[in-house]
Amino acid sequence: MRYLNISVLFLLFLSCGEKQEKVLPQKSQLISSVYASATVQPDSIYQVYAVVAGILDDNLVEEGDLVKKGDPILQVNNRTPKLNSENAYLTLQQSKENFQGNAAILKSIEDDIYAAELKFNNDSINFARQKRLWEQNIGSKAEFDTQKLNYELSRNQLNQQKSSYERTKNDLETALQQAKNSYSSSKIIAEDYTINSKINGKVYALFKEPGELINTLEPLGAIGSATDFKIEMLIDEVDIIKIKLGQKTLITLDAYPMEVFTATVSKIYPQKDETSQTFKVEALFKSPPKVLYPGLAGEGNIVISEKENALTIPRDYLVDGNKVITEEGTVTVEVGAENLERVEIISGITENDMILKPVQ
């Protein structure tokens, strides 16, 4: 029984000896920020798609290769469209020859027109001479009628040759234009089977191997900038209204655990992701790390406000959102800016008022 009494007294002594934690408010710089998960991605990155279905003939580049805008990167089997393009080219060359070449159809008609003009001029002279004689009652009516008939026949023949020339010329011009259109169309179709880079950048991924069947719905690769990177951050919907373009952002990356990088908010996407209930925000590094890879993960803190000489207390000393416990009792305070660790006190206490930590 005596041993039990000593134990109780010892516990009571310890309980009375425990002191409640307390601190004085401090004036310091208070930085308020919004937290976000962060992922590094190349600028202008896009997924490569084919515009035609078929079998992949060849990957013309490898992952990690640098490419320029317009460089071929993937080749789809194009034997049939290639043959069609070659046939269209031959038809175009034939149409050009018919319209412009030395053996052109128009050249033959021009020769016929020249001959018809000579005959018409000759018959016109003969008819004019015979007409003058007939007006002087010289010669016979039969001779006059014959010369007149020859004149009219040669005139009609010349007109027909000229009409034939214009008609044939129009037909050949139409055929030539149609051949040009057909060849251009076949080239476009053939070119669709070669997939080219849309930007200057780097090949980050290739998803298909030669011989595999491809379609227009599945991506074949990914290409993005080789030098410029952006930071994609997901912001909770309750914080998105605090985010503005140009805000300073502090970035930490898992690949660089001992460094903090500064960035600036560059884009705010207005569409909310209903699955995650977040908004996407992009930021650009001011001085990026020397080595970056797509998908590097980290954390971002977007600075909402910075205040010098703010009177602050530890966040866990605040009670019910607007009260603190002093040595004289509970005091209501006006709260200003805050972050994850400290809260600004605008009024209610001073830096000389000791405050007590609430008992958990």
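**Quick notes on the confidence of the model for the protein**
On average, the protein scores 86 in pLDDT, and the residues at 70 or more come to 93%. Counting contacts from residues 1-17, a segment whose pLDDT is below 50, to residues more than four positions away or on other chains yields 0 contacts.

**Thoughts on the sheet that holds strand E5 (residues 66-67)**
The 4 strands lie next to each other as E3-E10-E8-E5, forming an open sheet whose pairing is antiparallel. Looking along the sheet, the strands with just one partner apiece sit at the ends: strand E3 (46-48) and E5. Across 4 bridges, the pairing between strand E8 (residues 201-206) and strand E10 (residues 221-224) is antiparallel. Directly across from alanine 205, in E10, lies its bridge partner alanine 222.

**Observations concerning the nonpolar core**
One finds Ile231, Met233, Ile235, Ile243, Ile251, Leu253 and Phe285 to be the most contacted residues of the largest nonpolar core, which totals 24 residues. Residue assignment for this core shows that the elements contributing at least two residues are strand E2 (26-42), strand E11 (229-236), strand E12 (248-253), strand E13 (256-268) and strand E14 (278-285). If we skip the residues at most four places from it in the chain, isoleucine 251 touches Ile231, Met233, Glu259, Val260, Phe261, Ala263, Phe285, Glu299 and Gly300. The next biggest cluster of nonpolar side chains, apart from the first, holds 18 residues, and it includes Leu56, Ile195, Ile214 and Leu220.

**Concerning the pairing of E14**
In terms of residue burial, E14 counts as a mostly covered element, since 6 of its 8 residues are buried. By the bridge criterion, 7 bridges tie E11 to E14 in an arrangement that is antiparallel. Paired with lysine 230 across the strands is leucine 284, a residue of E14. Bridge count between E13 and E14: 5 bridges; the pairing is antiparallel. Bridge assignment links isoleucine 268 to a residue of E14, and that residue is valine 281.

**Overview of the side chain of lysine 208**
Tracing the backbone through its elements, the reader meets lysine 208 in the loop between E8 and strand E9 (213-214). What makes lysine 208 buried here is its relative accessible area of 13%. Side-chain polar atoms of lysine 208 contact the side chain of glutamate 218, separated by 3.4 Å. Non-local contacts of lysine 208, meaning those with residues more than four positions away in its chain, are made with Leu56, Asn59, Leu213, Ile214, Glu218 and Leu220.

**Quick word on the environment of valine 324**
By secondary structure assignment, the location of valine 324 is in strand E16 (residues 323-326). Classification of valine 324 by relative accessible area gives buried; the value is 0%. For the pair formed by valine 324 and aspartate 65, sequence separation is 259 residues and the distance between their alpha carbons is 61 Å. Excluding anything up to four places from it in sequence, valine 324 contacts Ile313, Tyr317, Leu318, Gly329, Thr330, Val331, Val333, Ile349 and Ile355.

**Some points on the packing of aromatic side chains**
One pass over the full model with this rule turns up 6 aromatic pairs. On the basis of an interplanar angle of 15° and a centroid distance of 5.2 Å, the ring pair of phenylalanine 127 and tyrosine 151 is categorised as stacked. Of this pair, phenylalanine 127 sits in helix H3 (residues 105-135) while tyrosine 151 sits in helix H4 (residues 141-191); the two residues are 24 residues apart in sequence, bridging distant segments of the chain. Accessibility expressed as a relative area gives 13% for phenylalanine 127, which makes it buried. Of the residues examined, tyrosine 151 reaches a relative accessible area of 18% and is grouped as buried. For the pair phenylalanine 261 and phenylalanine 285, a centre-to-centre distance of 6.1 Å together with 85° between the ring planes defines the contact as edge-to-face.

**Comments concerning the pattern of salt bridges**
By the definition in use, this model includes 11 salt bridges. Lysine 280 is the partner of glutamate 232 in a salt bridge, and the nearest nitrogen-oxygen pair spans 3.9 Å. A residue pair is termed long-range when its members are at least 10 positions apart, and glutamate 232 in strand E11 and lysine 280 in strand E14 qualify at 48 residues. Judged by relative accessible area, lysine 280 falls into the partly exposed class, the value being 29%.

**Looking at the sheet that holds strand E6 (residues 72-76)**
Adjacent strands of a sheet form backbone hydrogen bonds with each other and so pair up, either parallel or antiparallel. Read across the sheet, 4 strands follow the order E7-E6-E4-E9 without closing on themselves; strand pairing throughout is antiparallel. Every interior strand has two partners, whereas the edge strands, strand E7 (194-196) and E9, have only one. In the sheet, strand E4 (residues 54-59) pairs with E9 via 2 bridges, with the strands oriented antiparallel. Among the inter-strand pairings, isoleucine 55 is bridged to a residue of E9, identified as leucine 213.

About the cut-offs
- Residues numbered from 1 in each chain as written.
- Predicted model: local features only at pLDDT ≥ 70, side-chain atom pairs only at ≥ 80, totals over all residues.
- Heavy atoms only, no water.
- pLDDT = per-residue confidence, 0-100.
- Contact = heavy atoms within 4.5 Å.
- Pairing = 2+ DSSP bridges.
- Helix = DSSP H or I, 4+ residues; strand = E, 2+ residues; numbered from the N terminus.
- Core = buried A, V, L, I, M, F, W, Y, C linked by side-chain atoms within 4.5 Å.
- Buried < 20%, exposed > 50% of the residue type's maximum accessible area, 1.4 Å probe, protein only.
- Polar contact = N/O pair within 3.5 Å; in protein donor to acceptor, adjacent residues only side chain to side chain.
- Phe/Tyr/Trp six-rings, centres within 6.5 Å; stacked < 30°, edge-to-face > 60°.
- Salt bridge = Lys/Arg side-chain N within 4 Å of Asp/Glu carboxyl O.

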